[in-house]
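Breakdown of the fold
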Amino acid sequence: MSLENIAPPTAAPAPSDFIRDLVAQHVAAEHYPKIHTRFPPEPNGYLHIGHAKSICLNFGIAHEFGGVCNLRMDDTNPTKEDIEYVESITTDVNWLLAGWADHCLGLTPAQAPFYASNYFDQLYEFAVALIKKGKAFVCDLSAVDMETYRGAPDRPGKDSPFRNRSVEENLDLFTRMKNGEFPDGTRTLRAKIDMASSNVWLRDPILYRIRHTEHHQTGAQWCIYPMYDFAHCLSDYIEGITHSICTLEFEVHRPLYDWILLSLDLPRPLPHQYEFARLSLGYTVMSKRKLMQLVDEKLVTGWDDPRLPTISGLRRRGVTAEALRNFAYHIGITKYNGVTDVAVLEHAIREDLNKRALRRLAVLRPLKIVITNYPEGKTEELDAVNNPEDEVAGKRWIPFSRELYIERDDFQEVPPPKFFRLKPGGEVRLKYAYIIKCDEVVTDAAGNPIELRCTADLDSKSGGTTAGRKVKGTIHWVSAAHAVDAEVRLYDRLFTVAEPDTEGDFKVHLNPHSLEIVTTKCEPSLRDAKLETRYQFERIGYFTMDKDSQLSTNNPQLIFNRTITLKDTWAKALQK
RNA sequence: UGUCCGAUGGUGUAAUGGUAACACAGCGCCCUUUGGAGGCGUUAUUCAUGGUUCGAAUCCAUGUCGGACAGCCA
């Protein structure tokens, strides 16, 4: 075979979408010296998987086109913001970028994120410039009057009586606003555009408001704060952003974004805004307000509750950054507002974990069995592969003895058709060990099985003469004497319906069984479990150790979170 | 009854005037010391009506449906 016929290694195809297509055109046309994007969260809550989509888009573009993406705190409203959030945002962004796009992360020379509040001085000067150009004025209308004057989408507004103040008076009033001479809500700085515009955002929008509130970054330095529309386009401009990418609801703001930059007569190139559809995911809620409500009302344990779609929650649950990035890649970028099936997320998580998780045996709901033909007091160490998907992961040994635990679900006294686990008189293979046969069922007073007495085919373990014997089922187990106990937190969907926030109170759809805690019997090697390591409890699901685990005490307590179950085609068959 | 935006299998996306494709979900089979993973197969799609064109998911017109916008929030 000639060299040319050998297929090149298949690289993951570069994502393509309407925004990347545009960027590619701009690159080809040498429109900008360098592509510069930004991710600009307001530090008023924790980041969620919808932000992850945006992060992957903005940093992905920087990555693919040799550009930079700034992390910027859009902190123009001190009443809603907190330093706790800037810290969590920084952590989450770094976590999502690690090993992928760290080199694209734009930070200040001090290695800190950018802050819109860093630009308060410049922003103030821009406002003054706008006043001098006769394009902004100080308005004394109250909030209620302002609303009346604004009109409605299908009805024009009318000019403020303060619209035609002289430049000198506006300058004087704005300076005095800044100096703290007026109480909150008494005056605003407004752009002078068009009160009859069909776009409500062009009806003399407010640029600055008075707020005698301390800011988490600038302290008591300011008592006037810029509005989003004024601060955002100019922050983009100051940072040299080329592509300012945001979600669809800002589409109607774009004319204002452009108006401010154009009115200031700034040197080109100017940044441009592009919009894409935000993520909505089935069986969860995504708005910061609703997430905040769940946290505040203690319906979850905190922002990093593993049931939440927050980045910190997903991370604690055991989802890796790579899985999240793959998910973002698979859902694409469009302007269509759809609801993504959680199955897509779940698939991305399983696909990732299958490759990396160390296999372990653990029994969630134990049922004791005794191998009557196995000597009392004997212990064997059996060979078990750590990960059939990854030879490098190696092997470990697991102890086998006369008394074991198996999963309660793996035994049925009166089995349904096609049940090929353990049943009276039936045979099953114990994973990595022997084929056993159930001879006797010991029950309690109520008739529930409490112990199974079995015999093993002692030649059937790996390497034995009957090792190749086919039995239909293989089940997991742990040696009773060697098992270590662990608390296992089984998470399920937070809501019982696919779209909990379409109407009414979303909280009525909360799933009462979204968390179940069980004490499990684990194979002894799990005593050395690590926080960063992902595990698959064979035939059950993927698990990761929770930070609540107590490891340093002389009575260590292991806690595992179930990231996600394995696909269970048997459970599905049973439902039919 | 304003302005802007959108509509492709069940779901999310691709096709940029030239064979409607991919992933997830579903279904079936094979394989399996995980009812996992994997392999193979399969079901199902261009909102409607007109127009332009040799040819339309793509361009045009009209309509329908859906979303966003009337915070001194972002």
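Residues numbered from 1 in each chain as written. Chains lettered and ligands numbered in written order. Predicted model: local features only at pLDDT ≥ 70, side-chain atom pairs only at ≥ 80, totals over all residues. Heavy atoms only, no water.

On to the protein's contact with RNA strand B, then. Looking at RNA strand B, there are 72 residues lining it, with Asp 21, Arg 211, Arg 359, Arg 539 and Lys 572 nearest. Close to the protein, within 4 Å, the atoms of RNA strand B belong to sugar or phosphate groups at a rate of 66%. Interatomic distance of 2.3 Å between a side-chain N/O atom of Lys 572 and a phosphate oxygen of RNA strand B. Within the residue set of the surface near RNA strand B, elements represented by two or more residues are α5 (143–150), β7 (206–210), α12 (342–356) and α13 (569–575). A total of four residues in the surface near RNA strand B trace back to one element, the largest contributor, which is α12. (Near = heavy atom within 4 Å. Polar contact = N/O pair within 3.5 Å; in protein donor to acceptor, adjacent residues only side chain to side chain. Helix = DSSP H or I, 4+ residues; strand = E, 2+ residues; numbered from the N terminus.)

Taken in spatial order, the seven strands line up as β11-β24-β25-β26-β22-β23-β12 in an open sheet, and their pairing is mixed. Both edges of this open sheet fall to β11 (358–360) and β12 (362–363), since each of them pairs with a single strand only. Alignment of β12 against strand β23 (residues 515–522), held across two bridges, turns out to be antiparallel. Note that in β23 the partner of Val 363 across the bridge is Lys 521. Along the sheet, α12 contacts β11, β24 (534–537), β25 (541–545) and β26 (558–565); its crossing angle with β26, the most-contacted strand, is approximately 125°. (Pairing = 2+ DSSP bridges. Contact = heavy atoms within 4.5 Å. Axes fitted to C-alpha atoms, helices over the stretch in contact; angles between N-to-C directions.)

Our next topic: unusual backbone geometry. A cis amide bond links Arg 268 with the next residue in sequence, Pro 269, at an omega value of 0°. Checked against the element boundaries, Pro 269 lands in the loop between α8 (254–263) and β10 (272–276). The backbone of Asp 265 shows a phi angle near 55°, a positive value even though the residue is not glycine. Note on placement: Asp 265 falls in the loop between α8 and β10. One non-glycine residue with positive phi stands out, namely Lys 418, at about 65°.

On to the sheet that holds strand β8 (residues 224–226), then. Reading across the sheet, the four strands line up as β5-β6-β7-β8 and stay open at both edges, with antiparallel pairing between neighbours. Where the open sheet ends on each side, the last strands, each with one partner, are β5 (136–139) and β8. Pairs of neighbouring strands in the sheet enclose a mean axial angle of 20°, with direction left out of account. Note that β7 and β8 share three bridges and pair antiparallel. Within the sheet, the bridge partner assigned to Ile 210 lies in β8 and is Ile 224. On top of the sheet, helix α6 (residues 167–178) reaches β5, β6 (188–191), β7 and β8; it is set at about 60° to β5, its chief contact.

Once that is clear, we can look at the pairing of strand β16 (residues 403–407). Of all the five residues making up β16, four are buried; the element is thus mostly covered by neighbouring parts of the structure. Sheet analysis places strand β13 (residues 366–371) next to β16, joined by five bridges and oriented antiparallel. The partner of Leu 367 across the bridge, within β16, is Ile 406. With three bridges connecting them, β16 and strand β21 (residues 477–479) associate as antiparallel partners. In the strand pairing of β21, Tyr 405 is matched with Val 478. (Buried < 20%, exposed > 50% of the residue type's maximum accessible area, 1.4 Å probe, protein only.)

Turning our eyes to something else, we now look at the domain arrangement of chain A. The domain architecture assigned to chain A consists of domain 1 (2–113 + 229–349), domain 2 (120–227) and domain 3 (358–482). Summarising the inter-unit geometry, the C-alpha centres of domain 1 and domain 3 are found 48 Å apart. (Domains from an automatic or database assignment.)

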